[in-house]
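Each chain, letter by letter, is given below.
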Amino acid sequence: MVLYGLRGVGKTVLLVDLQAAAEDVGWIVGYTEAGAGKSLRSMISDALQSSLADLARPSAGAQIRKALKTFVSFKTSVSSEGVWTFGLDLDADAGGGADSGALEFDVSTVVRDICAAASGQGVGLALLIDEAQDLTREELTVLCSTAHLATQRNLPLLIALAGLPSLPVQLAEAKSYAERLFAFHQVRELAHHDARDAIVEPAVEQGVVWDGDAVTHLIDATGGYPYFLQEYGQAAWNWAPDGAGRICYDDARLGGLLALRDLDSGFFRVRWERATPKERDYLQAMAIDGDGGSSSGEVAKRLGKKLTSLGPARASLIAKGLIYAPEHGRVAFTVPRMADFINRQARDF
Ligand SMILES: Nc1ncnc2c1ncn2[C@@H]1O[C@H](COP(=O)(O)OP(=O)(O)OP(=O)(O)O)[C@@H](O)[C@H]1O
Ligand SMILES: [Mg+2]
């Protein structure tokens, strides 16, 4: 499964929900976040360790012992600090061999043996990776091959990846058959009635009613983006007098102004400040087009530069996760409303 979308639409919330659902039914679950120079190998070994430790009992059967031994070999290939065997003596057991150094072989070996153990318990293995756009092409290729192997051998494996809107294209570039391996779900702003429920229902549980025009204002002001609904909703809640039992239009409007001020000085500004002066010029030239994305050629024209000379700024902005390439020759902001922020603040820059 692939969950992709802009910043703040709820991908991580969904992935954590999947994790909880898988744990509730007793699956072996590994949750990890890519980025910060972590390798897929270390991510997988850290993510699975505690779920596997739960299976490591002296009474564990042969399949589980084999999975543990293979996992230990996989883990040792990341770090050889100490011999570490879940407190079991696995010398006489089958398994191991996930330390060849070839990433694809090692990942598929460890996944195969853990899936066999899970299957024996009537459960499966879930590998959940957030910020998956930060995986390298080789790592995405390995995940595709592993998912492919699981399909061929009927292994009970769920690989769920969450990431920016560039993720589907990155996967397709990693393996041409990726589009047939994964169910792709775009996570986006909420439809009007869902945004309404998200705001109104938790309030009702607390004995507070939102006026209709207050809700409409909130949804218009936030565009239904979950993170913005959260922030504007909170600000309106705080603005409304204590004990009034209702949130009216003025609370939503004034709270909204405060929320926007806070977003400008926090959420948006932090991202803006991550860009170098050259990159900011690039972002400003993009902001003219709004949230819908820009043609890279047009951006270059606006800056009076050659397309190739802007390549490094563009690549660096993508690496920083501030923009992405929705298709060849185009760029767009990863943060909803970033263009508005830049245009709003333009006079201060
Ligand atoms: N199902 C939900 N219930 C309640 N709040 C939610 C839900 N989904 C999203 N939110 C709100 O939106 C915020 C952003 O969600 P989340 O962190 O999952 O976004 P994201 O898509 O992972 O963003 P990023 O790309 O920046 O990591 C949450 O902190 C929360 O305020
Ligand atoms: Mg997230």
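Residues numbered from 1 in each chain as written. Chains lettered and ligands numbered in written order. Predicted model: local features only at pLDDT ≥ 70, side-chain atom pairs only at ≥ 80, totals over all residues. Heavy atoms only, no water.

Per an unreviewed UniProt entry, the protein is named ATPase, and its organism is Arsenicicoccus piscis.

Visitor: Is there a simple way to think about the site of ligand 1 in this case?
Guide: Lining the immediate environment of ligand 1, one finds Leu-6, Arg-7, Gly-8, Val-9, Gly-10, Lys-11, Thr-12, Val-13, Glu-131, Pro-226, Tyr-227 and Gln-230. Note that an oxygen atom of ligand 1 is positioned 3.0 Å from one of the backbone N or O atoms of Gly-10. Between ligand 1 and Tyr-227, the relevant distance is 3.4 Å, taken from an oxygen atom to a main-chain nitrogen or oxygen of the residue. In isolation ligand 1 offers 630 Å² of accessible surface; the protein chains occlude 64% of this area. (Near = heavy atom within 4 Å. Polar contact = N/O pair within 3.5 Å; in protein donor to acceptor, adjacent residues only side chain to side chain. Areas by Shrake-Rupley, 256 points an atom, 1.4 Å probe, with all protein chains shown as cover.)

Visitor: In this structure, what is going on with the domain arrangement of the protein? I would like to understand it.
Guide: For an interface, size is often stated in terms of accessible area lost upon the parts coming together. Segmentation of the protein into domains returns domain 1 (2-186), domain 2 (192-271) and domain 3 (276-348). If you average the C-alpha positions of domain 1 and of domain 3, the two centres end up 35 Å apart. Contact residues are listed per partner, giving five residues for domain 1 and six residues for domain 3. Summing both sides of the interface, domain 1 and domain 3 together bury roughly 550 Å²; the carbon and sulfur share of this comes to 69%. Taken together, domain 1 and domain 3 are joined by zero salt bridges. Where domain 1 touches domain 3, the interface holds one residue pair in polar contact (both at pLDDT 80 or more). In terms of residue class, the side of domain 1 that touches domain 3 is built from three nonpolar, one polar and one charged. (Domains from an automatic or database assignment. Contact = heavy atoms within 4.5 Å. Buried area = accessible area lost by both parts, 1.4 Å probe. Salt bridge = Lys/Arg side-chain N within 4 Å of Asp/Glu carboxyl O. Nonpolar A, V, L, I, M, F, W, Y, C, P; charged D, E, K, R; others polar.)

Visitor: How do you make sense of the layout of surface pockets when you look at a structure like this?
Guide: Regions of empty space are outlined by a rolling probe, equal in size to a water molecule, passed over the atoms. Roughly 450 Å³ of volume is contained in the largest pocket. Taken together, 22 residues line the largest pocket, and the ones lying closest to its centre are Ser-166, Gln-170, Ile-318, Tyr-324 and Ala-325. Among the elements of the structure, α6 (167-174), α14 (311-319) and β9 (323-324) are those that each provide at least two residues to the lining of the largest pocket. Counting contributing residues, the lining of the largest pocket receives three or more from each of domain 1 (2-186) and domain 3 (276-348). In this model, the second largest pocket occupies a volume close to 340 Å³. Ranked by the residues each element gives to the lining of the second largest pocket, the list is headed by strand β10 (residues 330-333), at three residues. (1 Å grid on protein atoms, 1.4 Å probe; cavity = no way out; pocket = protein on both sides within 12 Å on 5 of 7 lines; lining within 4 Å. Points joined across faces, edges and corners; volume = space filled by probe spheres on them. Helix = DSSP H or I, 4+ residues; strand = E, 2+ residues; numbered from the N terminus.)

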